[in-house]
There are 2 protein chains.
Amino acid sequence: MRNDQTDDVVSNDQTDDVVSHGPFIEAAIGEARKGLASGGIPIGSVLVIDGEIVGRGHNKRVQQGSSVLHAEMDCLENAGRLSASDYSRSTLYSTLSPCDMCTGAALLYKIPRVVVGENKTFQGPQRYMQERGVEVTILDNAECVAMMEDFIQARPELWNEDIGE
Amino acid sequence: MRNDQTDDVVSNDQTDDVVSHGPFIEAAIGEARKGLASGGIPIGSVLVIDGEIVGRGHNKRVQQGSSVLHAEMDCLENAGRLSASDYSRSTLYSTLSPCDMCTGAALLYKIPRVVVGENKTFQGPQRYMQERGVEVTILDNAECVAMMEDFIQARPELWNEDIGE
């Protein structure tokens, strides 16, 4: 972990009910499983606008030899060209704490809410994202943690490549 | 411009000769021209390692309907899966000041040097990039400024979409 945040759980979300995130983080987990099943890194993401999933994606480093298609990036790409108005009502779900690149993408499009499955196995610049006005919610989801722990143990070199280590 | 930096030129590069950047920024400008010629946004980028261009790219919003392939992202994607050792010796050139997303990508891969054609028409989070240890050089290139000024005047709605406005 490259960032200087040592807190395990960071959240400035005081309003949402964790339960309401259930179907969306499950959809992101489904994407992560799909990625794992196709030989890839098990991280998934969905973009939600007005209660509907408008984009889904998973890490494509292995499957497409991609250095930029992290799960969140693949999700945003699959969501297509959206307007600033669309992004302003969106929530980005990811099974794992977004890295610098994916955090930057959320900031570029002024996505107001990011919901994270877990930040135990990796933690991106959450504090910075909050300072820039994003509402960050950490779900501390056990399945997300287990998927990444298993993967990092099995393929440490691939995982390190994915986070630039 | 969404960031709170008002300075026109930011650089913590005290060592490089501007002239040495010439062939690489010219290659990035060539990519920008190629993007414009194919109906796209005229921003180009190259990645240089040990004096050799290892990746080239330009903005693909129009050409591929892409929300993530800014010039720098397209360049990193085209450079392929590189090792941390490769990135540690790299310099990322872009005709325009990198946005939050592209800055984040440079940070993810710990690219130590970013050379920017111009930051007059748009300025990303340069100060933050510097605070995170990246050496940032602004070339203040007149052709880069002119390309963007012409484009922004001709297609303001497309430009705004590209920067999340």
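Coordinates for the structure precede this section.
Predicted model only: the values in this text are computed from it and were never measured.

**Notes on the overall build of chain A**
Scanning chain A from terminus to terminus reveals 8 helices and 5 strands. Ordering the α and β elements of chain A from the N terminus gives α-β-β-α-α-α-β-α-β-α-β-α-α. Scored against the burial criterion, the 165 residues of chain A give a buried share of 59%. Taking as baseline every contact in chain A between residues at least 6 positions apart, the subset at least 24 positions apart corresponds to 61%. Carbon and sulfur atoms make up 48% of the accessible area of chain A, which amounts to about 6200 Å² in all.

**Side note on the pairing of strand 1 (residues 44-49) of chain A**
All names here are of chain A. A large share of strand 1 lies buried, amounting to 6 of its 6 residues. Residues Gly44, Val46 and Val48 point to one face of strand 1 and Ser45, Leu47 and Ile49 to the other, with burial holding for every one of them. By the bridge criterion, 6 bridges tie strand 1 to strand 2 (residues 52-58) in an arrangement that is antiparallel. Bridge pairing in strand 2 links Val46 to Arg56. Between strand 1 and strand 2, which pair antiparallel in sequence order, lie 2 residues; one of them, Asp50, sits at a positive phi of approximately 50°. Of the strand pairs in this sheet, strand 1 and strand 3 (residues 90-96) are connected by 5 bridges, and their pairing is antiparallel. What sits directly across from Ile49, in strand 3, is Ser90.

**Section: the sheet that holds strand 3 of chain A**
Residue and element names in this part refer to chain A. Strand order in the open sheet formed by 5 strands is 2-1-3-4-5, and the pairing between neighbours is mixed. Edge positions in the sheet fall to strand 2 and strand 5 (135-138), since each has one partner strand and no second. The average angle at which neighbouring strand axes cross in this sheet is 15°, direction not considered. This element, helix 3 (residues 71-79), spans strand 1, strand 2 and strand 3 of the sheet and lies at about 130° to strand 2. Of the strands in this sheet, strand 3 and strand 4 (113-118) are in contact with helix 7 (residues 142-154), which crosses strand 4 at around 60°.

**Focus on the interface of chain A and chain B**
Every contact between the two is made by 36 residues of chain A and, on the other side, 36 residues of chain B. Interface area, chain A with chain B, both sides summed: about 3000 Å², of which 53% is carbon and sulfur. We note a salt bridge from Asp100 of chain A to Arg132 of chain B, for which the minimum N-O separation is 2.9 Å. Counting every contact that joins chain A to chain B gives 22 residue pairs in polar contact (both at pLDDT 80 or more). Only helix 2 (61-64), helix 3, helix 4 (84-88), helix 5 (100-108) and helix 8 (156-162) of chain A provide two or more residues apiece to the side of chain A that touches chain B. Here the element with the most residues in the side of chain A that touches chain B is helix 5 of chain A; it accounts for 6 residues. Classifying every residue of the side of chain A that touches chain B gives 18 nonpolar, 8 polar and 10 charged.

Cut-off values and rules
Residue numbering note: each chain is counted from 1, following its sequence as written. Lettering for chains starts from A, numbering for ligands starts from 1, and both go in the order in which the items are written. For this predicted model, a pLDDT threshold of at least 70 governs which residues receive local features, and a threshold of 80 or more governs which side-chain atom pairs are given and counted, while totals over whole chains, interfaces and linings are taken from all residues. Only hydrogens and water are set aside when side-chain values are computed; all heavy atoms of the structure are taken into account. Strands here are runs of E lasting at least two residues and helices are runs of H or I lasting at least four, both read from the DSSP assignment and numbered beginning at the N terminus. Burial here depends on accessible area, computed with a 1.4 Å probe over protein chains only, as a share of the maximum for the residue type. Under 20% is buried, over 50% is exposed, and the range in between is partly exposed. Note on contacts: a residue pair qualifies if any of its non-hydrogen atoms lie within 4.5 Å across the two residues. For every accessible area listed, the method is Shrake-Rupley and the probe measures 1.4 Å; residues are considered covered only by the protein chains on display. Strands are labelled as partners when DSSP assigns at least two bridges between them. A fitted line through C-alpha atoms serves as each axis, taken over the contacting stretch for helices, and the angle formed by two N-to-C directions is quoted from 0 to 180°. The term buried area means the drop in 1.4 Å probe accessible area that two parts suffer when joined, counted for both and summed. Basic side-chain nitrogens of Lys or Arg form a salt bridge, by our definition, when they fall within 4 Å of a carboxyl oxygen of Asp or Glu. For the purposes of these results, a polar contact is taken to be a pair of N or O atoms within 3.5 Å, where, inside protein, one atom must be able to donate a hydrogen and its partner to accept one; residues adjacent in sequence count only when each atom of the pair is a side-chain atom. Side-chain classes follow a simple rule in which Ala, Val, Leu, Ile, Met, Phe, Trp, Tyr, Cys and Pro form the nonpolar group, Asp, Glu, Lys and Arg form the charged group, and the remainder, Gly included, forms the polar group.

That is the geometry; function is a separate question.
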